[in-house]
Structures are given as structure tokens and as C-alpha cells.
Amino acid sequence: MSGVDSFAHFSRQQGELFIEQRNLNQIADQYGTPCYVYSSAVLKENFDAYSQALQGREHLVCFAVKACSNIAILQLLARRGAGFDIVSVGELERVLLAGGQPEKIVFSGVAKTASEMRRALEVGIHCFNVESAAELEVLADVASSMGIRAPISLRVNPDVDAGTHPYISTGLKENKFGIAIEHALDFYQRAAQLPSIAIKGVDCHIGSQLTDAAPLLDALDRLLALVDQLEEQAITLSHIDLGGGLGVRYFDEQPPTADDYLSQVLQRLGDRTQCLVLEPGRSIVANSAVLLTETIYLKQSGEKHFAIVDAAMNDMLRPSLYQAWMAVENCSASTAPEKTYDVVGPVCETGDWLAKGRPLRLATGDRLALFSAGAYGFTMASNYNSRTRAAELLVDGDQCHLIRERETLADLTRGEHLLNPE
């Protein structure tokens, strides 16, 4: 499947691959490879799809920072009114640096520390998505020591099978996230007894890359039953947080659009007045970007053809970790004979691959674009094999902005210290 044919704001012009109005080969010439290149138009359109689908209803769309945390991209989304879903104090500081509003931040994650809680309370976030009874008690103590009340939402685990990869399934009893929904009433009753806790809402997140709305709607039905049960106990919630998880097209998936999904959500909510909170990540940023890489060597081993490129699993972990399929194309038209290639990187692991069994026309030096690279790409990058991390660029029309400099060799040992000489 062609990446150009599948994704908005990518095109071929005289055989050359473009993102918006910029030639990707020219970007590679100027900034080197590997590098991530994002489309501002795609980011804006994907975020706006959520906002437009919820027009007329109180809502808060919190971008999941874990999907893509570059401060320029967070800034772009903040300027369009985005809130943010964070899972660490590092992500909190990124959002604040990017101009995000603290009152639009929800703090998720199973292992929030007391110091992280304190910082989030200092800046005045929207709420904590509490994931355990033990966390609730620590948060209550921290808030009490500060003389304030901590706003909370309970992340409930509805035991819904999202039907996704086991590593990104989060809503089953055997997953580490949230509190079993059958124990939620006891949790809320305990929270209501704590003077330093302010109950705000309920939250759930059942998994990532969901291409069928049915599990999401099933989880919503279970949440609404809990909301009604709480109301009977005089515990009134001000928001309902449905989390994220809506999938994107990588190959031939056909996930619902934000509008399709949310129209069904709104129908179920009916005349309920609670603010609707969402935590999308992948569906906003995944298909906004490509990872550019250059072909270093072409190699044949028996019947196998390898395209050895300068990007590796340390730059893009998804294929190796999840066996994920991502479209790949030559950035130029090529007259080389077509062969079936495995696209592999320089890292010393057999699992270091970006694509397998792809028909490509390639010559040494050709640049390849790995599509759908915007989500869980750079954020999962590492320095394995002492490799420097890639540059990141944001294209806006005919403008290309460097939003992260490529790491240098000096960056690799920054903060390290040799032992004193003997």
C-alpha cells in the first residue's frame, strides 16, 4: 500500500516525495538522516476533528503526551485549545514550557511519587487519574500537608477486551492499570471521607490502536452504570473521562473517525451534564510524520535481499517491539530493478528491522520514508549502541522548522564521569 495514497498532505511531484509543500529529499540534504518530519496541517486537522465533533457540549481534549512529546508540537496543540494527559513530572514540565494551561492537564500513571504530586498541585492541574487505593492515601497526605484539596478521578478497569496487541491492552483484570470496576464504589466512599480530596470524575482507558469502536462503547456503558450508582450514594461527578485508544490506519485498518465514534458516545450520554474528557494521542499524531532514512548498503544473502539503512530500532522501536507494519517508500522515483527487501538498521540485534518483505526499487544512497511515524516514534527512541538520537522537523506549508537538534557525540556522555586516575 502506498503511503502517498493513504495519508493526507503527502504527495508525489515529478517522482519526488513531498510533505505539504516541502521536498523530503531536500529536507534530508539540509538536515541529514535519520530524522522525523511532521506535518503541521495533519496535526491541526486531527485535533480539530475531536473539537468539531464535540461542538456544543462541554469537553476537554487532552493530548496524550507519551505519544509525541516535542515541545513545539505540544505548543501547536496548546494554541488550538488542547489539554494534555501526562504520566510524569517530566511531561508536566514539557507541557508548561510549551504554554499548556495547568487547568487542562490530567495526570495519569500507576506510580506517581509524592514529589510529582506536589508539583502538580502547585501548578493547579485539572485532576489526578488515581490508579490505586495506596496512591489515594499518599495524595491525600501530600495535599493535606499543603493545606489544599487534590482533585481526583478514579481510573476504573472495566475488564473489557480491547482486541489489540497484548503490550498495549490496558483494560483487563490482569493489566496493571486502574482499579477493578466492582471495587470502585468502595474507593469513592473512602475518597469522600478524606478532607484533602475533591472528587471530580471517573476515567478509563482500555488500550491503544483500537480499530473497532465496540470495546470503547462497551466500556462507556459500564462507566455510565457506575456514575448512576455513585449518584445514588450522593457522589456526583463533574466529568467523565473516556481515555484514548482510537486507532489509525497503518496498512488496511479502517478505524472509525473521531466524528463517527463521538456521535455514538454523545448518543449514549444523552442529557447528562458532565464534562466529557478525552485523551487521544496516536490518532492525532501518528499519521502526521515520516521517519527519513538513507540506504547505506544493499546486501544479498542467499535468496534474501537487505536494505541496510541509517535508522535503527533505537530510532523507531515499534516494528521490533510490536511487530508493527509501517508503510515505506523511496523518496525518489527509481529505475532500479524491483526486489523484495527487508529494511534493517545498524544495531547489533536480529530484531533491528523497520520493514520486512517490501517490494522496492532501490540504489545505495536512496532515501526512504517510513510512514505513520509520529506516535511512539521519537518518544521511545534510545541511545542503544551509543547511537545519537535523530533530529525532528515540523513542516508548515513551504516552511520547515528544526524543532529538535540532532544529538552530538558529546551528548552521549554528557553527565558521565571518569574515575579519578590512580
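Just above sits the structure.
This structure is a prediction, so every number in the text was calculated from the model and none was measured.

**Student:** Help me understand the nonpolar core, please; the structure alone is not making it clear to me.
**Tutor:** One recurring pattern in soluble globular proteins is that nonpolar side chains are buried together. Ranked by size, the top nonpolar core spans 105 residues in total, and within it Tyr38, Phe84, Phe128 and Tyr188 carry the most contacts. No other element matches helix H9 (residues 214–232), which puts nine residues into this core. Other than its neighbours up to four places away in sequence, Tyr188 contacts Leu154, Ile199, Gly201, Val202, Leu226, Leu230, Ile235 and Leu237. With 19 residues, the next largest nonpolar core counts Cys35, Leu292, Ala391 and Leu393 among its residues.

**Student:** What's the story with the packing of helix H3 (residues 40–53) against helix H10 (residues 258–269) in this structure? I'm lost.
**Tutor:** Each packed pair of helices is defined by two parameters, the angle between the axes and the distance between the axes. Between H3 and H10, whose axes approach to 9 Å, the crossing angle comes to 25 degrees. Relative to H10, H3 is oriented roughly parallel. Between H3 and H10 the crossing geometry is right-handed. Between H3 and H10, the residues in contact are Ala49, Tyr50 and Ala53 and Ala258, Asp259, Leu262 and Leu266, respectively.

**Student:** What should I look at first to understand the packing of aromatic side chains in this one?
**Tutor:** Each aromatic ring pair is characterised by the separation of its centres together with the angle its planes make. Under the definition given, this model contains seven aromatic pairs. A centroid spacing of 6.4 Å and a plane angle of 20 degrees characterise the contact between Tyr36 and Tyr38, whose relative ring orientation is stacked. We note that Tyr36, like Tyr38, is buried. Judged by centre distance (6.0 Å) and plane angle (85 degrees), the ring pair of Phe187 and Tyr188 falls under edge-to-face. Of the two residues, Phe187 and Tyr188, neither departs from the other in class, the shared state being buried.

**Student:** What am I meant to see in the environment of Arg282 here?
**Tutor:** With respect to the element layout, Arg282 can be found in helix H11 (residues 282–285). Residue Arg282 is classed as buried on the basis of its relative accessible area of 6%. A sequence separation of 90 residues divides Arg282 from Ser372, and the C-alpha atoms of the two residues are 9.5 Å apart. A polar atom in the side chain of Arg282 sits 2.8 Å from the side chain of Tyr250.

**Student:** How do you make sense of the sheet that holds strand E1 (residues 10–13) when you look at a structure like this?
**Tutor:** Backbone hydrogen bonds are what pair the strands of a sheet, in a parallel or an antiparallel way. An order of E1-E2-E3 is seen for the three strands of this open sheet, with the pairing classed as antiparallel. Looking at which strands have only one partner, the edges of the open sheet turn out to be E1 and strand E3 (22–23). Note that strand E2 (residues 16–19) and E3 share two bridges and pair antiparallel. Within E3, the position partnered with Phe18 by the bridge is Asn23.

**Student:** Explain the pairing of E2 here, please?
**Tutor:** It is a general feature of regular strands that their side chains alternate between the two faces of the sheet. In this sheet, E2 lies alongside E1 in antiparallel orientation, the contact comprising four bridges. Among the inter-strand pairings, Ser11 is bridged to a residue of E2, identified as Phe18. The antiparallel pairing of E1 with E2 creates a hairpin that spans two residues between the two strands, and Gln14 there sits at a positive phi of about 50 degrees. Hairpin geometry of E2 and E3 is characterised by an intervening segment of two residues between the two adjacent antiparallel strands and by a positive phi of about 50 degrees at Glu20.

**Student:** Before we go on, may I ask you to explain H3 in this structure?
**Tutor:** Two residues of an α-helix separated by three or four positions point the same way, owing to the 3.6 residues in each turn. With 14 residues, H3 should reach 20 Å at 1.5 Å per residue; the first-to-last C-alpha distance of 20 Å fits that figure. At the N-terminal end of H3, a side-chain oxygen is found 3.3 Å from the backbone nitrogen of Ala41, two or three residues along, and the residue is Ser39.

**Student:** Before we go on, may I ask you to explain the packing of H3 against helix H4 (residues 71–78) in this structure?
**Tutor:** Look at H3 against H4: their axes get within 10 Å of each other, and the N-to-C directions meet at 45 degrees. On the basis of their axis angle, the class for H3 and H4 is oblique. Along this stretch, H3 crosses H4, giving a crossing that reads as right-handed. Contact residues: Ser40, Leu43, Lys44 and Phe47 in H3; Ile73, Leu76 and Leu77 in H4. Residues that form the contact of H3 with H4 fall into these classes: five nonpolar, one polar and one charged.

Rules behind the numbers
- Residues numbered from 1 in each chain as written.
- Predicted model: local features only at pLDDT ≥ 70, side-chain atom pairs only at ≥ 80, totals over all residues.
- Heavy atoms only, no water.
- Core = buried A, V, L, I, M, F, W, Y, C linked by side-chain atoms within 4.5 Å.
- Buried < 20%, exposed > 50% of the residue type's maximum accessible area, 1.4 Å probe, protein only.
- Helix = DSSP H or I, 4+ residues; strand = E, 2+ residues; numbered from the N terminus.
- Contact = heavy atoms within 4.5 Å.
- Axes fitted to C-alpha atoms, helices over the stretch in contact; angles between N-to-C directions.
- Parallel < 35°, antiparallel > 145°, perpendicular 65-115°, else oblique.
- Left-handed = near helix turned anticlockwise from the far one by under 90°.
- Phe/Tyr/Trp six-rings, centres within 6.5 Å; stacked < 30°, edge-to-face > 60°.
- Polar contact = N/O pair within 3.5 Å; in protein donor to acceptor, adjacent residues only side chain to side chain.
- Pairing = 2+ DSSP bridges.
- Expected span 1.5 Å × (residues − 1).
- Nonpolar A, V, L, I, M, F, W, Y, C, P; charged D, E, K, R; others polar.

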